[in-house]
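Commentary on secondary and tertiary structure
Spelled out, the chains give:
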Amino acid sequence: MKNQHIALAAAQVQSTQVQRCSTMVQDTVKLAMTQPDPGTFAEAAELARATTEQAIGLQKQWAQDWANWMAYASTISGADTIPKIADRSSNIVLQAQAQMANQVTQMSELVDNAMVSYNFWVAQKIGKD
Amino acid sequence: MLDSGVVPLPHYDTQMKHSISGLSSGAFMTVQMHIAHSALFVGAGVIAGGPYRAAETFRGAAPTKPLSCILNSLYIAMTPLTASTAPDVDKLVALAKETPDIDKLDNLAGQRLYIFTGTKDRVVNQHAVRTTVEFYKELGVDPNHIEFVQDVPAGHSIITMNPEDSDLDKNQPPYINRGTFIQSHDILDQIYDHKLAPAADHAEGDLIRFDQSEFYGHAPSQASMAPFAYAYIPSQVRDKAEKAIGVHIVMHGCKQGYDYTNFVNGKADILNQPPYGDRYITTTGYMEKGEANNIILLFPQVGGDDNNAVQNPDGCWDWWGYSSQDEHDPDYYSQKAVQIHAIYKMLKQLGGVPGGKK
């Protein structure tokens, strides 16, 4: 990955992602063919529940973040000089940008986590290293 | 207390009852160091850390080994979604038993451990830390010698009683939270079998700064360690009135080193460095407990780098392979690992190591 163009790096990461998805599908098929026991279904349900719980937690946090942003944005009415108005206007935009980028990162992490966790769980079930 | 001098790391005769503890990446690193050099220690303290080589739990996480280690560390070792996706203890124990270049695992049998996980920890969760307890039990540590605390509503942090520290349930830098006990004291009490005196009111010994680079100088670009580190010499040890019990190594977590700098949009934000400084060293209670019990303290420091040689912007200890010479064959866990080797050399210089150890 060293000193490669950003587009090439991104393409490699995406290619890796596709490989991981492909492996996930193949392993899931293998697991389905083993006639899983009730305990396996319970573990799968637990994994889905934990993922959903994390997603809900993120949404709550984001709602709070946007409420905080709104509170800051409302302070512009109290700006008493031109530099202060310019400063706060700029900050409002930058904070929103940073917040959105952060939320995208957090969501990507959760998707990554769910994918790795599911792959790991299925691999254990089918006895794959 | 800390003057502006940089002194050579001194040597003191000790009883060589050494120990180690850490938080977060410092806790993961504590486990790597503890297992790699188990003959050196009488015990360890792990606050929010996973088991040995946890980053290699599931090789199939990615097609390449380096990426697999990163994904394992993030999603299996730190934030597993469920107990069934946490590190596989049986596999890691087997891996430890076949790991070359580490001390015999039999050394662990008589050792004492403190392991902590907060119920509100969102950075290294309870599923992960519970596997650390199981890992040590499977390696033969007496369950009665393990103090496992998992019922405190703490976020990701070392707990103090300082008014200026964060609320107990927070998961935010500097990861030093205010509770109803001083965690460093509990760690040392557990490791030294509850035979220690209460902490002193003041640390009247010497906090010294030394040049850490001489200990990792053979691989400066890989080590990601800061230029300086610190040691605390209790007053009676300094005055040669008492022989030290040993050296306790204190491993800070990510974003807690003295020179941690936040990276904003990929650029080191040196104009706005967080005011954490030496808080992990001077305000967490280690020095006062060490002072009262003649335990020398060693505070190695990791630095932050974010380039293609070392991707470690948060200044974390290496427990997943970023410092390895060959990223496809990582050696972050053995006595040859650059950071473990450096800390070993510091310990050897400061308090000596048992006979026969090279």
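Residues numbered from 1 in each chain as written. Chains lettered and ligands numbered in written order. Predicted model: local features only at pLDDT ≥ 70, side-chain atom pairs only at ≥ 80, totals over all residues.

Attention now moves to the overall build of chain B. Scanning chain B from N- to C-terminus turns up 11 helices and 14 strands. Taken over the C-alpha trace, chain B has a radius of gyration of 19 Å; the compact-globule value for 358 residues is 21 Å, and the two agree within 12%. Overall size of chain B, expressed as C-alpha extent along the three principal axes, is 55 × 50 × 45 Å. Put simply, 71% of the contacts in chain B that link residues at least 6 apart link residues at least 24 apart. (Helix = DSSP H or I, 4+ residues; strand = E, 2+ residues; numbered from the N terminus. Rg over C-alpha atoms; globule rule 2.2 N^0.38 Å. Contact = placed C-beta atoms within 7 Å.)

Here the focus is helix α1 (residues 25–36) of chain B. Residue and element names in this part refer to chain B. Compared with the 16 Å implied by 1.5 Å per residue over 12 residues, the 16 Å span of α1 between its first and last C-alpha is a close match. For α1, the buried fraction is high: 12 of the 12 residues fall into the buried class. Along α1, the residues that are buried comprise Ser25, Gly26, Ala27, Phe28, Met29, Thr30, Val31, Gln32, Met33, His34, Ile35 and Ala36. Packed against the buried residues of α1 are β1 (18–23), β2 (41–47), α3 (89–97), α4 (126–138), β9 (246–251) and α11 (338–351). (Expected span 1.5 Å × (residues − 1). Buried ≥ 20, exposed ≤ 12 C-beta atoms within 10 Å, placed from the backbone.)

This part covers the interface of chain A and chain B. In this complex, chain A contributes 22 residues to the contact, which on the side of chain B involves 17 residues. Breaking the side of chain A that touches chain B down by element, the ones donating at least two residues are α1 (6–33), α2 (38–73) and α3 (82–125) of chain A. At 9 residues, α3 of chain A tops the list of elements feeding residues into the side of chain A that touches chain B.

Here we come to the nonpolar core. Residues Ala231, Ile296, Leu297, Leu298, Met346, Leu347 and Leu350 of chain B are the most contacted members of the largest nonpolar core, which totals 112 residues. Every residue in contact with Leu298 of chain B, bar those within four places of it in the chain, is listed here: Ala231, Val247, Ile249, Val250, Met346, Leu347 and Leu350 of chain B. (Core = buried A, V, L, I, M, F, W, Y, C linked by C-beta atoms within 7 Å.)

Residues and elements named next belong to chain B. Relative orientation of the contacting elements α3 and α4 amounts to 50 degrees, with a least axis distance of 10 Å. It follows that α3 is oblique to α4 by the angle criterion. For α3 against α4, the interelement crossing comes out right-handed. Across from Val89, Leu92 and Val93 in α3, the residues of α4 making contact are Thr131, Glu134, Phe135 and Glu138. Of the residues in the contact of α3 with α4, the class split is 4 nonpolar, 1 polar and 2 charged. (Axes fitted to C-alpha atoms, helices over the stretch in contact; angles between N-to-C directions. Parallel < 35°, antiparallel > 145°, perpendicular 65-115°, else oblique. Left-handed = near helix turned anticlockwise from the far one by under 90°. Nonpolar A, V, L, I, M, F, W, Y, C, P; charged D, E, K, R; others polar.)

Let us now look at the confidence of the model for chain A. Confidence in the prediction of chain A, expressed as mean pLDDT, is 88, and 96% of residues score 70 or more. Between the elements of chain A, mean pLDDT differs from a low of 81, seen in α1 of chain A, to a high of 94, seen in α2 of chain A. (pLDDT = per-residue confidence, 0-100.)

All right, on to unusual backbone geometry then. Residue and element names in this part refer to chain B. Of the consecutive residues Pro173 and Pro174, the connecting peptide bond is found in the cis state with omega at 5 degrees. Assignment of secondary structure puts Pro174 in the loop between β5 (158–160) and β6 (176–178). Even without a glycine there, the phi angle at Met16 is positive, about 60 degrees. Structurally, Met16 can be placed in the segment before β1.

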